[in-house]
Amino acid sequence: MGDRDGREAIGRRVQRLRAERGMTQRQLAEPAYTPAYISTLEAGRVRPSDEALRHLAERLGVGYEELATGRPARLATDLRLRLTEAQRTLATEGAERAAGQYAELLAEAEAYELPEERAAALLGLGECAVETGELVTGRNYFERAEQCLADAGAPLPARVPALRGRALAHYLAGELRYAVYLLESTLDELNRGGLHDPDALLMLYASAIGPYMDMGAHARAAQAAELALSLAPSAGDPALVARMHRSVARTLLAEGRLAEADASLAKAAELYRTLQLRTELANCHWMRGYVCAQNGELRRAEAEMREALGMLSVTRAALYSSQVAVELADVLHRRGKSQEAAELLHGVLDDLSSERGAVHSAGAHRLLGIIAEDARDTEVAEEHYVRALSLLERAGAAGDLADLCRLLGDLLRRTGRVEAALDAYRTGLGHRTAPGTTTLGPAPAQPPL
């Protein structure tokens, strides 16, 4: 707001409040100022000093900030309390209702020019959009939140939740390499700049584990997990610590440390249960089911994943629900329930695409291909494998690509197309020899621990 606009706004505010209280200009001015000064001020021809504003605020019975800015007393505090309530709604009642709360809060924060509260509302709207699978919308909200904080001069650690949100939206859209770039470049800037904020670092390291694993960069995922675990005792946000335990479980699982993975998930589940964060707790059941499936405990894996799917359906987290359904279908297939698995996969494919959950969309096509092969329908199986291959190549999921090339190569060989099979095997070997760590560039600088 320009200086003239500011003077005129304060003048109108003083005049309105004085009239509401039935005061004359002399009564308002005494004993420190003159009626002529009040008249000049109300006409917007002079900007009052801080000392004058405090005098006028005391005489009018309002707060200094309210008189200076027009914001009602305790507005910022009230908005922050309601932002916390919207966050709780998102965690326990679902994204649609929370989005309505965040939208109201955003309008108020913009009306009263409160940048921190505006950024928090934008961040909440971004999280709601990601939960409902609107990844482009979510990414736009995160970008606006980040820009809002940057314009307000917020330091990098304060901008990390928005940066992490952008990376998550790209990751879920199948843009693994760009998601890793965002996370690693932010980590590098924090650590090289001496900005060792435990919550910010923990959020970034925990968020990097998923894309690292999907890209086949297991060594880097393990390193991120170790750093996250070492930061956990210093983190002040229990929900963040719980999220970290859930992410770390994936790395422990890849290393064959099943008991430790299960213990890590148990810690996360207990924290989320305490905090009543339904979506995150559902994700813990999901990951626990994944651990059980890898350990051959298929009955328990099915129960855990059905529990996760039910909880996510209550919160209407469409994208996460679809991802869990793909992994549940894999367990059902392994238990001999292939027909039920196929029906579940066909039911969720409409919610997944190359832009929304590319890796899990590929997983759905891969499993449908295996089911078709079991039924001796090689033509349909090949179609699904080729669709999956296209999705994984776009996402850069090296480990999954190698496995899929083996499946496709075996199918082509069995149907007599030896040269095509050899091409598929060669492609798979190329991805197997490039696990990810060799193509990501140097690892980001590490924090002093």
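Reference entry: report on the structure contained in this document.

What counts, and where the lines are drawn
Residues numbered from 1 in each chain as written. Predicted model: local features only at pLDDT ≥ 70, side-chain atom pairs only at ≥ 80, totals over all residues. Heavy atoms only, no water. Helix = DSSP H or I, 4+ residues; strand = E, 2+ residues; numbered from the N terminus. Buried < 20%, exposed > 50% of the residue type's maximum accessible area, 1.4 Å probe, protein only. Contact = heavy atoms within 4.5 Å. Areas by Shrake-Rupley, 256 points an atom, 1.4 Å probe, with all protein chains shown as cover. Axes fitted to C-alpha atoms, helices over the stretch in contact; angles between N-to-C directions. Parallel < 35°, antiparallel > 145°, perpendicular 65-115°, else oblique. Left-handed = near helix turned anticlockwise from the far one by under 90°. Salt bridge = Lys/Arg side-chain N within 4 Å of Asp/Glu carboxyl O. Core = buried A, V, L, I, M, F, W, Y, C linked by side-chain atoms within 4.5 Å. Expected span 1.5 Å × (residues − 1). Phe/Tyr/Trp six-rings, centres within 6.5 Å; stacked < 30°, edge-to-face > 60°. Nonpolar A, V, L, I, M, F, W, Y, C, P; charged D, E, K, R; others polar.

As a further point, take the overall build of the chain. For the chain, the helix and strand inventory stands at 23 helices and zero strands. By the burial criterion, 51% of the 449 residues in the chain qualify as buried. Expressed as a percentage of contacts within the chain between residues at least 6 apart in sequence, the contacts between residues at least 24 apart total 61%. As presented, the chain carries roughly 20,300 Å² of accessible surface, and 49% of it is formed by carbon and sulfur atoms.

Mapped onto the elements of the fold, A206 is located in helix α12 (residues 198-215). Owing to a relative accessible area of 5%, A206 belongs among the buried residues under this scheme. For the pair A206 and V248, spaced 42 residues apart in sequence, the C-alpha separation works out to 7.0 Å. Apart from residues lying up to four places away in sequence, A206 is in contact with M244 and S247.

Glancing now at the packing of helix α18 (residues 318-334) against helix α20 (residues 358-374). Helices that pack against each other are described as a pair by the angle of their axes relative to one another and the distance between those axes. Viewed as axis vectors pointing N to C, α18 and α20 meet at an angle of 25°, and their least axial separation amounts to 9 Å. What the angle tells us is that α18 and α20 run roughly parallel. Between α18 and α20 lies a crossing of left-handed hand. Along its contact with α18, which presents Q323, V326, E327, A329, D330 and H333, the element α20 presents H360, G363, A364, L367, I370, I371 and D374.

On to the pattern of salt bridges, then. Across all of its chains, the model carries 21 salt bridges by this definition. Measuring nitrogen to oxygen at the nearest pair gives 2.8 Å for the salt bridge that ties R166 to E146. Taken together, the residues span a long stretch of sequence, with R166 in helix α10 (residues 156-172) and E146 in helix α9 (residues 135-151) at a distance of 20 residues. Looking at E146, the relative accessible area reads 16%, which means it is buried. Between R335 and E302 there is a salt bridge; the shortest N-O distance is 2.5 Å. Taken together, the residues span a long stretch of sequence, with R335 in the loop between α18 and α19 (338-348) and E302 in helix α17 (residues 298-314) at a distance of 33 residues. On the basis of relative accessible area, R335 is assigned to the partly exposed category, the value being 27%. Here E302 falls in the buried class, since its relative accessible area comes to 8%. Through salt bridges with shared partners, one network takes in E302, R306, R335, K337 and E340.

Of all hydrophobic cores here, the largest spans 100 residues; its most connected members are L172, Y205, M244 and L345. In terms of residue count, the dominant contributor to this core is α12 (twelve residues). Not counting residues up to four positions away in its chain, the partners in contact with L172 are V130, L135, L319, Y320, Q323, E355, R356, G357 and A358. Grouped together as the second largest cluster of nonpolar side chains are 18 residues, A362, Y385, L408 and L412 included.

What follows covers α20. Between its first and last C-alpha atoms α20 spans 24 Å; for 17 residues at 1.5 Å apiece the expected length is 24 Å, and the two agree. At the C-terminal side of α20, R376 shows a positive phi close to 65°.

Right, let's talk about helix α21 (residues 378-395) for a bit. An ideal rise of 1.5 Å per residue puts 26 Å on 18 residues; α21 measures up with 26 Å between its terminal C-alpha atoms. Among the residues of α21, A381, H384, Y385, A388, L389, L391, L392 and A395 are the ones counted as buried. Remark: G396 follows α21 within two positions and exhibits a positive phi of approximately 75°.

Counted by the stated rule, this structure contains two aromatic pairs. Where Y33 meets Y37, the ring centres are 5.2 Å apart and the plane angle is 20°; that geometry is what we call stacked. Under the relative-accessibility criterion, Y37 is labelled partly exposed at 21%.

Relative to each other, helix α11 (residues 176-192) and α12 sit at 150°, their axes nearing to 9 Å. The orientation of α11 relative to α12 falls into the category roughly antiparallel. Here the hand of the crossing between α11 and α12 comes out left-handed. On α12, the residues touching L176, R177, V180, L183, E184, T186, L187, L190 and N191 of α11 are A200, L201, L204, Y205, S207, A208, P211, Y212, D214 and M215. Here the contact of α11 with α12 is composed, by residue class, of 13 nonpolar, three polar and three charged.

Of note, H333 is situated in helix α18. Classification of H333 as buried rests on a relative accessible area of 16%. If we ignore the near neighbours within four places in the chain, the residues touching H333 are S338, A341, L367, I370, I371 and D374.

Let's shift gears to the side chain of E373. Inspection of the secondary structure assignment puts E373 in helix α20. What makes E373 buried here is its relative accessible area of 15%. Apart from the residues lying within four places of it in its own chain, the contact partners of E373 are A381, Y385, L411 and R414.

To continue, consider unusual backbone geometry. Omega for the peptide link from E30 to P31 comes to 0°, which places this bond in the cis form. Its location among the elements puts P31 in the loop between α2 (25-29) and α3 (35-42).

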